[in-house]
Structure formats: C-alpha cells, structure tokens
Amino acid sequence: MTTWEYLTTPLLIHNTAAILNNWGKQGWELVQVVQGPEGGLVAYFKRPVTTDAAQNAGLAAAAEASRQFEGDVPSERSESTGGAA
C-alpha cells in the first residue's frame, strides 16, 4: 500500500510557475489550489513516502518556509516581501 506525505504552501501570484516547478522537481504532485483564509492562493501537494533522505530534506525546507510565512521569523518574512511587514 502506498503511503503519502502532504505539503501546503502559499503561491505568490507573480511567481506561481517557479514555485510549482520547484516542488515538482522534488517529487511533489500538485493536487489542488484553493484560496487561503487571508485571500491568497494555497497549493496542496502530495508524494509517496520514501526513505530517501534527499527528498525528506524538502519536507524540512517546507516546514521552515511555512514558519516564515506564518510570521514565526518576522525579519525573514519582511525581507521576502520586499521589506513590508
């Protein structure tokens, strides 16, 4: 039986293709794009669970990006949005 892992990430409207291509290169399949609670777009991905450490590193990067997007790291979030808080 296939076991899946899932990922959600915000999509920046001006950089959508690059974001989707980046996750696709890491083995993630786009499942759905929906409007997020604050009005932005959120992409949902899935991929089969593997024991490959390189792929699992992508999951750690996604978790870090999620924390930054949610404001856990305000200084980095400010830089990624062009200095706006």
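Here goes a summary of the coordinates provided. None of these values were measured; they are calculated from a predicted model.

**Thoughts on the overall build of the protein chain**
Here's step 1: The helix and strand inventory of the protein chain stands at 3 helices and 3 strands.
Here's step 2: Among the 85 residues that make up the protein chain, the fraction classed as buried is 16%.
Here's step 3: Contacts in the protein chain between residues far apart in sequence, at least 24 positions, make up 43% of those at least 6 positions apart.
Here's step 4: A total accessible area of about 5,900 Å² is found for the protein chain, and carbon and sulfur atoms account for 55% of it.

**What about a nonpolar patch on the surface?**
Here's step 1: Taken together, the side chains of Ile13, Leu30, Val33 and Leu41 make up a nonpolar region of the molecular surface, amounting to roughly 340 Å² of accessible area.
Here's step 2: Here Leu41 shows up in strand β3 (residues 41-48).
Here's step 3: Overall, Leu41 belongs to the partly exposed group, its relative accessible area being 31%.

**Things to note about the sheet that holds strand β2 (residues 29-35)**
Picture the strands of a sheet paired through backbone hydrogen bonds; they go either parallel or antiparallel.
Here's step 1: Here 3 strands make up an open sheet; going across it, the order is β1-β3-β2 and the pairing antiparallel. On the outer flanks of this sheet lie β1 (4-11) and β2, each paired with one strand and no other. Averaged over all pairs of adjacent strands, the angle between their axes in this sheet comes to 20 degrees, without regard to strand direction.
Here's step 2: Bridging between β2 and β3 involves 6 bridges; their strand directions are antiparallel. For Val34, the partnering residue across the bridge sits in β3 and is Val42.
Here's step 3: Strand contacts of helix α1 (residues 16-25): β1, β2 and β3, with the helix running at about 165 degrees to β1, the strand carrying the most contacts.

**Overview of the nonpolar core**
Here's step 1: Core analysis: the biggest nonpolar cluster contains 7 residues, these being Leu7, Leu11, Ile19, Trp23, Trp28, Ala43 and Phe45.
Here's step 2: Every element with two or more residues in this core is listed here: β1, α1 and β3.
Here's step 3: Filtering out sequence-adjacent residues up to four positions away, Ile19 remains in contact with Thr9, Pro10, Leu11 and Leu12.

**Digging into the environment of Leu41**
Here's step 1: In this structure the C-alpha to C-alpha distance between Leu41 and Thr16, which are 25 residues apart in sequence, comes to 9.6 Å.
Here's step 2: When neighbours within four sequence positions are excluded, Leu41 is seen to be in contact with Thr9, Pro10, Leu11, Ile13, Val33, Val34, Gln35 and Gly36.

**A word on the pattern of salt bridges**
Charged atoms that come close allow side chains of opposite charge to pair.
Here's step 1: Going through the model one piece at a time under the given rule, you end up with 1 salt bridge.
Here's step 2: In this structure, the salt-bridge partner of Glu5 is Arg47, at a minimum N-O distance of 2.7 Å. With Glu5 in strand β1 and Arg47 in strand β3, this residue pair connects regions lying 42 residues apart in the sequence.
Here's step 3: On the basis of relative accessibility, which here comes to 10%, the residue Glu5 falls in the buried class.

The rules we used
- Within every chain, residues take consecutive numbers counted from 1 along the sequence as written.
- In view of the model being predicted, local features appear only for residues whose pLDDT reaches at least 70, and side-chain atom pairs are presented and counted only at 80 or more, with totals across whole chains, interfaces and linings using the full set of residues.
- Hydrogens and waters are ignored; side-chain quantities use all the structure's heavy atoms.
- By definition, any uninterrupted DSSP run of H or I lasting at least four residues is a helix, any uninterrupted run of E lasting at least two residues is a strand, and each is numbered from the N terminus.
- Buried residues are those whose accessible area, probed at 1.4 Å on protein chains only, stays under 20% of the maximum for their type, while exposed residues exceed 50% and partly exposed ones sit between those limits.
- Residue contacts are counted whenever heavy atoms from the two residues lie within 4.5 Å of one another.
- In these tables, accessible area is a Shrake-Rupley quantity obtained with a 1.4 Å probe, and a residue counts as shielded only by the protein chains included in the view.
- Only residues above 30% relative accessible area that lack a salt bridge enter a patch, with like-charged residues linked at up to 9 Å and the nonpolar side chains Val, Leu, Ile, Met, Phe, Trp and Tyr linked at up to 5 Å.
- Criterion for a salt bridge: a side-chain nitrogen of Lys or Arg within 4 Å of a carboxyl oxygen of Asp or Glu.
- Pairing between two strands requires that DSSP report at least two bridges joining them.
- Here the axes come from fitting lines to C-alpha atoms, over the contacting stretch only for helices, and the angles between their N-to-C directions go from 0 to 180 degrees.
- The nonpolar core is taken to be a set of buried Ala, Val, Leu, Ile, Met, Phe, Trp, Tyr and Cys residues, with the residues joined through side-chain atoms within 4.5 Å.

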